[in-house]
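So the chains spell out like this:
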Amino acid sequence: MMKKKSISASKASLVLFLCHMISALDVPLDSKLLEELSQPPTITQQSPKDYIVDPRENIVIQCEAKGKPPPSFSWTRNGTHFDIDKDPQVIMKPNSGTLVINIMNGGKAEAYEGVYQCTARNERGAAISNNIVIRPSRSPLWTKERLEPNQVREGDSLVLHCRPPVGLPPPIIFWMDNAFQKLPQNERVSQGLNGDLYFSNVQPEDTREDYICYARFNHTQTIQQKQPISVKVFSKKPVTERQPVLLTPTGSTSTKVELRGNVLLLECIAAGLPTPVIRWIKEGGELPANRTSFENFKKTLKIIDISEADSGNYKCIARNTLGSAHHVISVTVKAAPYWITAPRNLVLSPGEDGTLICRANGNPKPSISWLANGVPIAIAPEDPSRKVDGDTIIFSHVQERSSAVYQCNASNEYGYLLANAFINVLAEPPRILTPANKLYQVIADSPALLDCAYFGSPKPEIEWFKGVKGSILRGNEYVFHDNGTLEIPVAQKDSSGTYTCVARNELGKIQNEVQLEVKDPTMIIKQPEYKVIQRYGQVSFECIIKHDSTLLPVIIWLKDSDELPDDERFLVGKDNLIIMNVTDKDDGTYTCIVNTTLDSVSASAVLTVVAAPPTPAIIYARPNPPFDLELTGQLERSVELSWIPGDENNSPITNFVIEFEDGLHEPGVWHYQTEVPGTQTTVQLKLSPYVNYSFRVIAVNEIGRSQPSEPSEQYLTKSASPDENPANVQGIGSEPDNLVITWESLKGFQSNGPGLQYKVSWRQKDVDDEWTSVIVANVSKYIVSGTPTFVPYQIKVQALNDLGYAPEPSEVIGHSGEDLPMVAPGNVQVHVINSTLAKVHWDPVPLKTVRGHLQGYKVYYWKVQSLSRRSRRHVEKKILTFRGNKTFGMLPGLEPYSSYKLNVRVVNGKGEGPASPDKVFKTPEGVPSSPSFLKITNPTLDSLTLEWGSPTHPNGVLTSYILKFQPINNTHELGPLVEIRIPANESSLILKNLNYSTRYKFYFNAQTSVGSGNQITEEAVTIMDEVQPLYPRIRNVTTAAAETYANISWEYEGPDHTNFYVEYGVAGSKEDWKKEIVNGSRSFFVLKGLTPGTAYKVRVGAEGLSGFRSSEDVFETGPAMASRQVDIATQGWFIGLMCAVALLILILLIVCFIRRNKGGKYPVKEKEDAHADPEIQPMKEDDGTFGEYSDAEDHKPLKKGSRTPSDRTVKKEDSDDSLVDYGEGVNGQFNEDGSFIGQYSGKKEKEPAEGNESSEAPSPVNAMNSFV
C-alpha cells in the first residue's frame, strides 16, 4: 500500500505557483515551462480607486498585466472607450497598459478628471482593473471676513472658529501666533476635530491679538493663513465657579456612523470652572483594551481598526467639583464589502469539473454580480459547461474553449470589491522538470528525498522504480509525496543505487533517472577532555575521528566559539591540538568541529589555567554577563540565537537562561524562554506569531546568576490566525431569562495577530436548533438574553483575528439562569424519638419545579410554648440544611415538654422555594434541671431552715423534691444518709432534731414522672451553745484545662496560714490521689504533665487546721492538637501576672473577712466531702447538636468549675446545650439512613453514698480564663 503525505515547505524543492480549490493541476514555477503554457491575463498592478493627483505634475495611471500570449491593453473613461491615439497629451508605455498624461507641457489636470478602467486581453480572455477615479488636489484661499475682537469675562468659556476652506484632500489645521510658534494647549485650552480652538474657561493670560488658524494642504505643499483673532479677557472679582456644560457636541445625544476597519474618533469638550475632566465609558460593555487610546487631554476617544462589535452607546462624562454633564454618542459601524472568499484562478484539464467561489460580507450585505471577460455574464457568450449559482460558478466537463477571465463584483452603498479569476483549460503531455541523472548524497540513518518535479494535463500519475528494470516501489519503507518526491525515511547503505521516476497520463509517458549514494556518518571516537593546567605548562586536546572514505573531512578548532588566536604556541595536528607555554588568556572552551559536505559533528572541552604553587586564594564570583547576542536563521516560528559567554570568574558556567521581551504587547516585561547547558552558546528558539521579540541571556554558575546581557536586536514575527481558544469557558445565568457566557481572554502574545475578537456560539442542548453566533470585541463576557429558565446550553468560544480563526473549540455545557423553586415539599411528617430529638420526613419536589440546581432542603422549626408553663415567648426560628435530594432529617436539641412548629423548603442556587404548611408536634416530658438555688438559714442548736427555688427548666410537671442529708465528722467520715420526699408545691423546710455543733451535707433535686433531675449540694453547721465559732473553709474551686496542664484556683476564708495542697486523680478511677504542695500563700496552682482528652478530679486542702478540704471539682483536658502551641501557663510573664492577681485576691479576701468579723457574724466551718452517694442516679443531659443554626441565644459561655457561693445559695447554671449542624457540623453527623452519629454528651454528677464524696464535672474553659 502506497503511503502519501504533503511534503513540508522546507523539504520541497519546487514552489507551487497555481493550485486552488479542486484543481487537478499544480503548475510549477519553471521559467521554461511557463514560457510554453498558455495563460489568460492577470492584472498585476493598478492605481488606487480614489486617485488624487498633483495638478502641477504629469498624471500616471498604472495598469500592468501578465499572460501568455502577452495581453494587449485598452481604456475606458467615464464608461466609454478612451481613444488614446487622438489625444496628443496621452501616451501608453510600451508593453504595458500604464497611461502618462502630460500636464507639465501645457495640459490641464482638471480636463482629465473622470473614472478610468483598464482592460488587458489575449486569446484566452480579458481581465479588467478597478474603476480609478482621477481628481486633482485643490487648496483654495481663505474667504475674507471681518473679525470682531472677542471680549470675554474671566472664567467664561470661549470658542475661536477656524472654518478653513474646503480642499481636496481636507487640510490639516493648527493654531500659531505671529511668531509662527504653536499656541500651547492643555486640559483647559485645546483644538477640536473641526479645527476650532476651545477654551473651557478663559484666564487673564489668554489675552492676545494673534490667534491665527493655519490650513496645510499636503498634496500641493501649501499653507493658508486666516486673519488674526483678538481676545481680551477682563476680570470681575470674585470669579464665579460653574459646573460643566458641553461645548461640543451639543444636546444630550448624537449619532455617528463609521466604516469597519477605520479609526473611530469621538470628541467631547466641556466648559466649566474649575476645568472639567473628561471620562469615557461604553454603556453595557468595555472599551477594547488593545485598540483604545485617548487624545487631546482625554477629550477625544480613539479606537483603531473598528468592527461591528464596536457598535453601541459611548458616554462622555465631564466632571468638576460642582457637578457633571454627559453626552451619549450612538455609534453604528457599517462596512464596505470585504472578502470572505475571493475567487482564485483555476487550472483544469479537459473533461474536469471546477468551481469559482466569490463570497463577501459587509453592512449592508453586498450584492454579488459576475462578468465574463469584462462583460456582464447575462449578456456574455454562452458556455454549456458554465452554470451560475449566486456567488458560485460551477464548471462541468470543461473544454479548452472554456478558458476565460471572470470578474466578481461585490458592492453596497459604501463601496465595492472587484476580483479577476481565470479558468485555464490545458491539455499537455507529461513533463519531468528534475534534471536527468541528478546525484543525491545522504548520511546513513537519515532521510533521503529524491525529487521528481513534473507537469501534465491531465495530472500525470507518478511511479518509482529502483534500477533500470526494477519492480515498482511499494511498502511502508517509502513515502510518496504529492509533488512526486520519493522519501526514504531511514536510508541505509543498501539504499544506494539508481531510481527511476515515471510520469504518465492519457497524452503520453516520460521517465527520468536519479542516483542515490548513502555515506557512513562522521564520528568523533575520542573527544577532547576537560583539562586543568598550571600556568606556563603544556596541554594537548585530542580529536580522533572516523568517516566515510569517499568524504573529505575538514577539522577546525575553535576557542570560545571563535577562531584560534594567531599564535605560534597553538599547534594543530592531524588529530590533536597542542598549546605550548599556557597563559591565563588561554583559559576557555576549545571545540573540535569536523565538517564534510554532508554532515558536521563537534565536541568541546574546557581548559582551566591555574597558577603554579603556591596557589593564591581563588576568588569565586558570579559570571560576567554574556555579550554580542546575534539572531540568525529567522523563520516565521523559529530563530537561532547565539552569544559569547562572559568571564566565569573561576566558577564554571553551568547553564544559560534565555529570556524574551514582547515589545509589542508588554514592553519592559521579561519572560522566561528556555535554558541550555553552560557549554552551549547557540539555541534554536520557538516563536509565536505577531510578537516583537528581543532576547537576553543570563549566565549561571555555582555562585549565582550574572547580570542580564544587553538585549538582542528586535525580531517581529508575522501575524497568523490564533493557535488556541480561550480557556475556562463557562455559562451561568445571572437572571432567570439570561445566560452569561464568560471565558479567560487570550494574552497579548497569544493573539497571533491584530484585531483579536471572539466568536461566541450557543444553542439549547437536546433541542434540534442551529448554533447562534456573535462576534464580540476583545472582552471576556457575553450575555444572552431571553432564554428559558434553567435549561442546558451547548457553548463554545472561538478566537479569531484579522488573519482567520483558531481551531474549532470544544463545547462546554452551561445553564441559563435559575429561578426560585415553584412548589413546597409535601407530606411532611414528624416522628418524635425522645424529649430532645425528632425525625422529620417529606416527599421530594419534582425536579422540573426546582428551576435550578437542587442544593437541598431547609427545615425551619421553632418552639411555640412550654407545655408546663403555658407561656409563649419570642419565636426564634432554627434552621437545619440537608444537602442533596434527602427526604428526612433529625432535629436535635429540642426542649422537653414543649410544642413546636416546623416547615420544609426546597433550596436551589437562586434561593428558597415556598414553605410547606406548618406542622405542629410536641415533645414528651423529661427530667427537670436542678433547682434554681438552695439556701440554708437560721441555724440553731438542733435545726436548720432550707429554702429553694423551682427548676428553671422543669421539662414537665414536677411531682416532688428529694432531699438527702448526712452528718460529717472532723475526720471527714460520713454518717448515715437520710432521705425526705417533699411535695412539689413547697419552697422551704425546717429540719429539726439535728445534732448540735455538727456539719451536715445536703443533696437536693427535683422529680417529674420521667425521673430525677440534676442535684445541687450544700453544707451547713448547727451552732454550739448559741455561739458561732469561726470555721475556716476553701470554696469556689475553679479549673481551666488545656492539653497537658490545668490551672487550679480557689478562695479561702479563715485564719492566716500557708500550708495548702492540691490533690488530683483520674475521674472514676480507684487509684490513690496524687498530692502537690502549694508554695507560699498562693490561691492558685498549675498541674502539669496531664494526659490530653482525659477527665480528672481535683480538690484543695489545708494542713494544720483540722485537715479540712474543699469539695471535688472535675475537669477534662483538651484533645491532642496536630500542631504544638505555646504553653502560656509555663511562661514567666504569665506566672508573674497570675501571682499579682492572686495577691490582690488574697488582700481582698482578708479585707472582707475583717469586715464580716466587725459585723458580728461568725462563718461556720464548711467541708466538701469527695465521696459520692450511690443511691443518686446520674443526670441526663442531651447535648446532640447539628445543622446550620442561626439562633443567637445558643452562643452561651462555657460552664466554670463547680462553686458554692458565699451566701450558701446554689445558683442554677445555664444549660450548655447548643445546636450545631446535624448533617454538616463538626460535632455530629448522620449515617446513610439519617440516624445521628455520636452522643449527646453532658457532664454528670453522681449522688453521694456513704464512704464516697460527691463530684461535679465542669465544662473545660480556656487557660486564660482561670482567674476571671
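Before going into details, it helps to say that this report is about the structure given with it. (Residues numbered from 1 in each chain as written. Predicted model: local features only at pLDDT ≥ 70, side-chain atom pairs only at ≥ 80, totals over all residues. Heavy atoms only, no water.)

### Describing the overall build of the protein chain
Step number 1: A count of helices and strands for the protein chain gives three helices and 97 strands.
Step number 2: Here the protein chain holds 1268 residues, and 46% of them are scored as buried. (Helix = DSSP H or I, 4+ residues; strand = E, 2+ residues; numbered from the N terminus. Buried < 20%, exposed > 50% of the residue type's maximum accessible area, 1.4 Å probe, protein only.)

### Brief notes about the environment of R124
Step number 1: Summarising the element assignment, R124 is placed in the loop between strand 12 (114-122) and strand 13 (125-128).
Step number 2: The class for R124 is buried, based on a relative accessible area of 12%.
Step number 3: It is 9.5 Å that separates the C-alpha atoms of R124 and V425, two residues lying 301 residues apart in sequence.
Step number 4: Beyond its immediate sequence surroundings of up to four residues, R124 is in contact with S38, Q39, P40, E400, S403, A404, V405, N424, V425 and L426.
Step number 5: Polar side-chain contacts of R124 include one of 2.8 Å to the side chain of S403. (Contact = heavy atoms within 4.5 Å. Polar contact = N/O pair within 3.5 Å; in protein donor to acceptor, adjacent residues only side chain to side chain.)

### A few points about the sheet that holds strand 56 (residues 570-572)
Step number 1: One open sheet accounts for three strands, arranged 52-57-56; its pairing is antiparallel. Only two strands of the sheet have a single partner each, and these edge strands are strand 52 (539-542) and strand 56. Between one strand axis and the next, the sheet turns by 15° as a mean value, whatever way the strands run.
Step number 2: By the bridge criterion, four bridges tie strand 52 to strand 57 (residues 576-579) in an arrangement that is antiparallel. Bridge assignment links F541 to a residue of strand 57, and that residue is L577. (Pairing = 2+ DSSP bridges. Axes fitted to C-alpha atoms, helices over the stretch in contact; angles between N-to-C directions.)

### Structural notes on the layout of surface pockets
Any space left empty among the atoms is revealed by the rolling of a water-sized probe across them.
Step number 1: Considering only enclosed or pocket space, the second largest pocket measures out at about 1400 Å³ in volume.
Step number 2: Taken together, 50 residues make up the lining of the second largest pocket; nearest its centre are D560, D587, G588, T589 and E648.
Step number 3: Within the residue set of the lining of the second largest pocket, elements represented by two or more residues are strand 54 (554-559), strand 55 (562-563), strand 58 (588-595), strand 59 (600-610), strand 60 (627-632) and strand 61 (638-644).
Step number 4: Ranked by the residues each element gives to the lining of the second largest pocket, the list is headed by strand 59, at eight residues.
Step number 5: Split into classes, the residues belonging to the lining of the second largest pocket amount to 20 nonpolar, 18 polar and twelve charged. (1 Å grid on protein atoms, 1.4 Å probe; cavity = no way out; pocket = protein on both sides within 12 Å on 5 of 7 lines; lining within 4 Å. Points joined across faces, edges and corners; volume = space filled by probe spheres on them. Nonpolar A, V, L, I, M, F, W, Y, C, P; charged D, E, K, R; others polar.)

### Overview of the pattern of salt bridges
Any two side chains of opposite charge can pair, on the condition that their charged atoms come close.
Step number 1: Using the criterion set out here, one finds 38 salt bridges in the structure.
Step number 2: Across the salt bridge formed by D83 and K86, the nearest N and O atoms sit 4.0 Å from each other.
Step number 3: For D83, a relative accessible area of 30% gives the class partly exposed.
Step number 4: Look at K86 and you get exposed, because its relative accessible area is 70%.
Step number 5: When the shortest N-O distance is used, the salt bridge between E912 and R905 registers 3.6 Å.
Step number 6: Classification of E912 as partly exposed rests on a relative accessible area of 24%.
Step number 7: Using a relative accessible area of 18% as the deciding quantity, one classes R905 as buried.
Step number 8: Through salt bridges that share partners, D177, R208 and D210 make up one connected network. (Salt bridge = Lys/Arg side-chain N within 4 Å of Asp/Glu carboxyl O.)

### Quick notes on the packing of aromatic side chains
Geometry of an aromatic ring pair is reported as the spacing of the ring centres plus the angle between the planes.
Step number 1: The final tally for this structure, using the stated rule, is 23 aromatic pairs.
Step number 2: Residues W842 and F882 carry aromatic rings whose centres are separated by 6.0 Å and whose planes lie at 50° to one another, so their mutual orientation is tilted. Separated by 40 residues along the polypeptide, W842 in strand 76 (residues 837-843) and F882 in strand 78 (residues 878-883) bring together distant segments of the chain. Here W842 matches F882 in class, with each residue buried.
Step number 3: Between Y1000 and F1002, the ring centres sit 6.4 Å apart and the planes meet at 35°, which makes this aromatic pair tilted.
Step number 4: According to the relative accessible area criterion, Y1000 is buried, its value standing at 4%.
Step number 5: With a relative accessible area of 0%, F1002 lands in the buried category.
Step number 6: Aromatic rings pair up to connect F174, F180 and Y214 into one cluster.
Step number 7: If you follow R208 out to its NZ or CZ, it ends over the ring of Y211, 5.7 Å from the centre.
Step number 8: Of note, K886 hangs over the ring of F888, and the distance from its end group to the ring centre comes to 5.1 Å. (Phe/Tyr/Trp six-rings, centres within 6.5 Å; stacked < 30°, edge-to-face > 60°. Lys NZ or Arg CZ within 6 Å of the ring centre and 35° of its normal.)

### Remarks on the state of the cysteines
Step number 1: Inspection of every chain in the model, using the stated rule, returns six disulfides.
Step number 2: Here C358 engages in a disulfide with C408; their sulfurs sit 1.7 Å apart. Negative torsions about the S-S bond denote left-handed disulfides, and the value of about -65° found for C358 with C408 makes this one left-handed. With a gap of 50 residues between them, C358 in the loop between strand 33 (354-357) and strand 34 (359-363) and C408 in strand 39 (residues 404-412) connect regions that are remote in the sequence.
Step number 3: Linked covalently through their sulfurs, C452 and C501 form a disulfide whose S-S length is 1.8 Å. Its S-S torsion of approximately -60° makes the covalent link between C452 and C501 left-handed. (Disulfide = S-S within 2.5 Å.)

### Description of the sheet that holds strand 48 (residues 497-505)
Step number 1: The strand order 42-49-48-45 describes an open sheet built from four strands, whose pairing is mixed. Looking at the sheet topology across the chains shown, the edges are occupied by strand 42 (438-443) and strand 45 (461-466). If you compare each strand with its neighbour and ignore which way they point, the axes differ by 25° on average.
Step number 2: Here strand 42 pairs with strand 49 (residues 508-519) via six bridges, running parallel. What sits directly across from V442, in strand 49, is V518.

### Quick notes on a nonpolar patch on the surface
Step number 1: A cluster of nonpolar side chains, L1143, L1144, I1147 and V1151, forms an exposed patch at the surface whose accessible area comes to about 370 Å².
Step number 2: Within the fold, V1151 resides in helix 3 (residues 1132-1158). (Patch = residues over 30% accessible without salt bridge, like charges linked within 9 Å, V, L, I, M, F, W, Y side chains within 5 Å. Areas by Shrake-Rupley, 256 points an atom, 1.4 Å probe, with all protein chains shown as cover.)

### Structural notes on the environment of S712
Step number 1: For S712, the location among the structural elements is in the loop between strand 65 (692-700) and strand 66 (715-716).
Step number 2: Sequence-wise, S712 and V697 are 15 residues apart; in three dimensions their C-alpha atoms are separated by 9.1 Å.
Step number 3: The contacts of S712, once residues within four sequence positions are left out, are L629, L631, S694 and F695.

### So, unusual backbone geometry
Step number 1: For the bond from L168 to P169, the omega torsion is -5°, close enough to zero to count as cis.
Step number 2: Mapped onto the fold, P169 is located in the loop between strand 16 (158-160) and strand 17 (172-176).
Step number 3: The omega torsion of the bond from N363 to P364 falls at 5°, within 30 degrees of zero and hence cis.
Step number 4: Locating P364 in the fold gives a position in the loop between strand 34 and strand 35 (367-372).
Step number 5: In the Ramachandran plot, F297 falls in the positive-phi region, its phi being about 60° despite a non-glycine side chain.
Step number 6: Examined against the element boundaries, F297 turns out to sit in the loop between strand 28 (292-295) and strand 29 (300-303).
Step number 7: Looking at F297, the relative accessible area reads 39%, which means it is partly exposed.
Step number 8: Even without a glycine there, the phi angle at D560 is positive, about 50°.
Step number 9: Within the secondary structure, D560 is located in the loop between strand 54 and strand 55.

### Describing the pairing of strand 17
Step number 1: The element strand 17 is extensively covered by neighbouring structure, given that four of its five residues are classed as buried.
Step number 2: Summarising the sheet, strand 17 and strand 20 (residues 208-217) pair through five bridges and their orientation is antiparallel. Bridging across to strand 20, F174 finds its partner in Y214.

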